[in-house]
Amino acid sequence: MTHTTRITYQCCLVALLSAMSLAAQSLGNAGTIEGTVADPSGAFVANASIHIENAVSGYRQTVKSQADGTFRLVNIPPNQYHLQAEAPGFAVHTEDLSIRRSLPVQVKISLDVAGSKTVVTVEGAGADVLETNPSAHVDVDRSIFSKLPSSDPAGGLSQAIANSTGGVAADGNGFFHPLGDHAQVSFVVDGQPISDQQSKVFSTQLPTSAIQSMELITGNPSPEFGDKTSLVVEVTTRSGLGAGRVFGNLDANYGSFGTVGGSAGLGFGNARLGNFLAVDGVRSGRFLDTPEFAAIHDKGNNQTLFDRLDYLPNGKDAFHLNLFSARNWIQIPNSYDQLTQDQRQRVLTWSVAPGYQHTINANALLTINPYIRKDQFTYYGSRDPFDDTPATQSQSRQLLNWGVKADMVVVKGRHQVKFGVDAKQTRLREVFGFGITDSTFNDPCLDADGAPSGDTTIKNPSQCAAAGFDPNTDENPNVAQAFLPGLAPFDLTRGGSLFSFRASRSINQVAFYGVDTYTAGNLVLTLGIRVDSYRGLPGVSTVEPQPRAGLAYRFKTGTVLRAAYARTMETPFNENLLLSSATGVGGLAENVFGSSSVPIRPGFRNQFNAGFQQAVGRFLLIDGDYFWKYTHNAYDFGTLLNTTITFPISWHNSKVDGFSGRITTTNLHGFVAFWTFGHNRARYFPPENGGLIPPGNSGGGPFLIDHDQKFQSTLSARYQRPKNAEWIAFTYRYDSGLVVSGISDSDAALDLTPNQQVSIGLACGNSFATVANPITTCSGTITSKLLNLPSPADASEDHDPSRVKPRHILNLGVGTDNLMHREGHRRITAALEISNLTDKVAVYNFLSTFSGTHFLQPRAVTARIGYTF
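Being a predicted model, the structure only gives us computed values, none of them experimental.

1. Points about the sheet that holds strand β38 (residues 767-768)
One open sheet accounts for three strands, arranged β38-β37-β39; its pairing is antiparallel. The two strands at the open ends of the sheet, each matched to only one other strand, are β38 and β39 (782-784). Note that strand β37 (residues 762-764) and β38 share two bridges and pair antiparallel. Following the sheet pairing, C764 is matched in β38 by S767.

Here you go:
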């Protein structure tokens, strides 16, 4: 352990133990409203009803004032709110409030005697929810995303994010691409930062049953956010604090593909102590998105447990403790070319995240959030290695992340200053095995037709001529992939043995940040800086200052204009970072897999945003944002063959620009709707570094990568009858199609296997490929039902690459939150959801070197029944 590592380790340990010794609660990024209710004479009013609501996000909370007139609303997601207070014999009091920090907002409510004044109550006015914020973002409450009809086992959080913001292009297995980047996403759960991958093939997601609300930040990231900043998801979990009763739910569901699951929630609490527990489980015969439209070898199950404990011993201190544990067990789906495989994987995750907040005075708040989290990923090859094709592989890797995030908020006059530290260590451990099981995969020789010889007695190209074959070398013009000598010792078909890799390393990071938010009337200015120290693989040590600034101005016309700039340091993906970066004499990447690699370093980005928000009348809100990003060392993943094992790679630089937008209605007597839309152009520039496969396009020019998509949008509409009764929800999703990196043009499709040609509906003129009669030559036009394939003359990696064909997906849901129409909290709920209503056959991508092949789920019907109390 180096001296620097010991210092980082000790600093994190001291901060962690210090915070935990205080006890445990933090309301994370959530806010608090507290105050008193009095009559015109100043006497306190007991049992007054205080209600807050955001008409766009759907969040609402109600409390009663105590005997001394005091009240407290807690765990409030950052947003604009309309507050309403009422009591018998008094006129209704209303005002608008902004929650943008955890520092409690103090409110003194004076109720007028009924009839003494004329009061006009405006419900859900669009201007009430305008936010003078320099950063583009979307606020989503569980009342919205819990009724989005969708079906993705253990991937509900990803679907909720993809459907709620226009800046996200959806991909397979709960993956999504934010603002033209591959997976540059950070989650902040009640103050706990998580920048490692949360897709279900990497980790286990927090279930939506545990989430109260989300703020999806796609604009200028605040200096408190680092690591991966294309999308920052601030999550506020559910809490029992202040509930005043025991509440909960029991739910069960059954649907297509033998999908069966359930959820149980239990919460309780008073003004000082509260707890919420959520337990979820699901089993499905189509757990992952498959390489064929049919689900073959695709069973999986998931179990999660989340618990949040809150404690407020007095008016100045607050503690919380989040506990999370989860497990995925998954079969790896097979294609028709790999029916013998029996590959599986298991993911175990646990997390402990205590926290503490201390209100120093009305203008200062201290927050401390220590945490520790572990992902353990195990990949199992088939029992018989030769059942795997074209190679067998196994892996066991662990990712242990622990640290502390602490900051102080000070408000003085028009300034709100926030400064803090984010220190963490990520311990990586990787074990990997690999062996070739197909004699044609790394064949030293080619036959007269340019196909692999399959002769297992020949071990190097020098022996080819004597056997009547051509050597498979770079000098041969017919070679698509030359023989890699480094792989020969691990070719099991030619007497080789399994390759074995084992390594461990700690990644140490410390960041200091500060930001001043200046408010003068309708003008908001932010100016801040973040300084990151990243010490990763041998020879990788970086300190990077990152200035950030933004401004927003609200006009009397109900218009907010905003602009922002951010310099960010983007850290490498930790998953398989050691194996992907193995270098040096005898190094893995260069001498075994044939790719020249050096340790992957952090990337640096300059990002510019400009946008607006416009209220149209009382019931409509429009938000739009343009972004432009230039990144040096732009990241992606390289997928190993047909597995879920991926390796981080970097490209020399990228230029990404585009726009995102959202049009939202307020609640119109039970009807709510929103339309999100977005576009991105993602140009990447060679050379490539990292990964296990030889670099693609290393000597070429710029190209559109496979997370480039011209347009995507989601239209969601829902109507619910009064008193939380019957509802109907509809979602329409359009994707214009991601770039297909695995097939350069229409002629390249002729090299696909017969099963692959049939899967994509390949045709020469009016003649479609079959397994018995694949298309090997074509004098006419080559087309595909699922892909747009340019001709060799028209194909251009930078302007006209192959793409997935546009798709239109419809989802429908109907249900009730009160089946028996009973008063009170005890209710029976029921719902029927249909995903992919028209049974559209489509792919997210096909033979992508970065993500593989994944078909969309066929039509799926899910029935739900539940009991709430």
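There is more to say after this.
2. Concerning the pattern of salt bridges
Per the counting criterion, the structure on display carries 32 salt bridges. In this structure, R373 engages D375 in a salt bridge whose closest nitrogen and oxygen atoms are separated by 3.2 Å. The buried category is assigned to D375, whose relative accessible area is 3%. A network of salt bridges, in which partner residues are shared, links D181, E570, R605 and K629.

3. Description of the pairing of strand β19 (residues 317-331)
As paired elements, strand β18 (residues 300-311) and β19 share 12 bridges and run antiparallel to each other. Among the inter-strand pairings, F306 is bridged to a residue of β19, identified as F324. For β19 and strand β20 (residues 344-361), the ladder comprises 15 bridges, and the chain directions are antiparallel. Looking at β20, one finds that D317 is bridged to H358.

4. Remarks on the packing of aromatic side chains
Applying the stated rule across the entire model yields 22 aromatic pairs. On the numbers, 6.4 Å between centres and 65° between planes, the contact of F293 with F855 is edge-to-face. Of this pair, F293 sits in the loop between β17 (273-284) and β18 while F855 sits in strand β45 (residues 852-855), and the two are 562 residues apart along the sequence. Judged by its relative accessible area of 1%, F855 is buried. One aromatic cluster is present, formed by F175, F202, F573, Y635 and F637 through successive ring pairs. Over the aromatic face of F674 sits the side chain of R662, whose NZ or CZ is 4.2 Å from the ring centroid.

5. Some details on helix α3 (residues 156-164)
The element α3 is largely enclosed, with a buried count of seven among its nine residues. For α3, every residue scored as buried is listed here: L157, S158, A160, I161, A162, N163 and S164.

6. Some remarks on the sheet that holds strand β8 (residues 137-141)
Within the open sheet, the five strands sit side by side as β8-β13-β14-β11-β12. Their pairing is mixed. For this open sheet the edge positions go to β8 and β12 (192-194), each flanked by a neighbour on one side alone. Going across the sheet, the axis of each strand differs from the next one's by a mean of 15°, ignoring polarity. Across the sheet, α3 touches β8, β11 (185-189), β13 (211-217) and β14 (231-237), and the angle it forms with β13 is around 45°.

7. Side note on the pairing of β8
The element β8 is extensively covered by neighbouring structure, given that five of its five residues are classed as buried. Across five bridges, the pairing between β8 and β13 is antiparallel. From the neighbouring strand, V140 faces β13, where its bridge partner is M214.

8. Observations concerning the state of the cysteines
A full pass over the atoms with the stated rule returns two disulfides. Residue pairing for C445: its cysteine sulfur links by disulfide to C464, the two sulfurs lying 1.9 Å apart. The sign of the S-S torsion, about -90°, decides the handedness of the disulfide formed by C445 and C464: left-handed. Taken together, the residues C445 in strand β24 (residues 445-446) and C464 in the loop between β24 and β25 (470-471) connect sequence positions 19 residues apart. Relative accessible area serves as the criterion here: at 0%, C445 is assigned to the buried category.

Rules used in this analysis
- Residues numbered from 1 in each chain as written.
- Predicted model: local features only at pLDDT ≥ 70, side-chain atom pairs only at ≥ 80, totals over all residues.
- Heavy atoms only, no water.
- Pairing = 2+ DSSP bridges.
- Helix = DSSP H or I, 4+ residues; strand = E, 2+ residues; numbered from the N terminus.
- Salt bridge = Lys/Arg side-chain N within 4 Å of Asp/Glu carboxyl O.
- Buried < 20%, exposed > 50% of the residue type's maximum accessible area, 1.4 Å probe, protein only.
- Phe/Tyr/Trp six-rings, centres within 6.5 Å; stacked < 30°, edge-to-face > 60°.
- Lys NZ or Arg CZ within 6 Å of the ring centre and 35° of its normal.
- Axes fitted to C-alpha atoms, helices over the stretch in contact; angles between N-to-C directions.
- Contact = heavy atoms within 4.5 Å.
- Disulfide = S-S within 2.5 Å.

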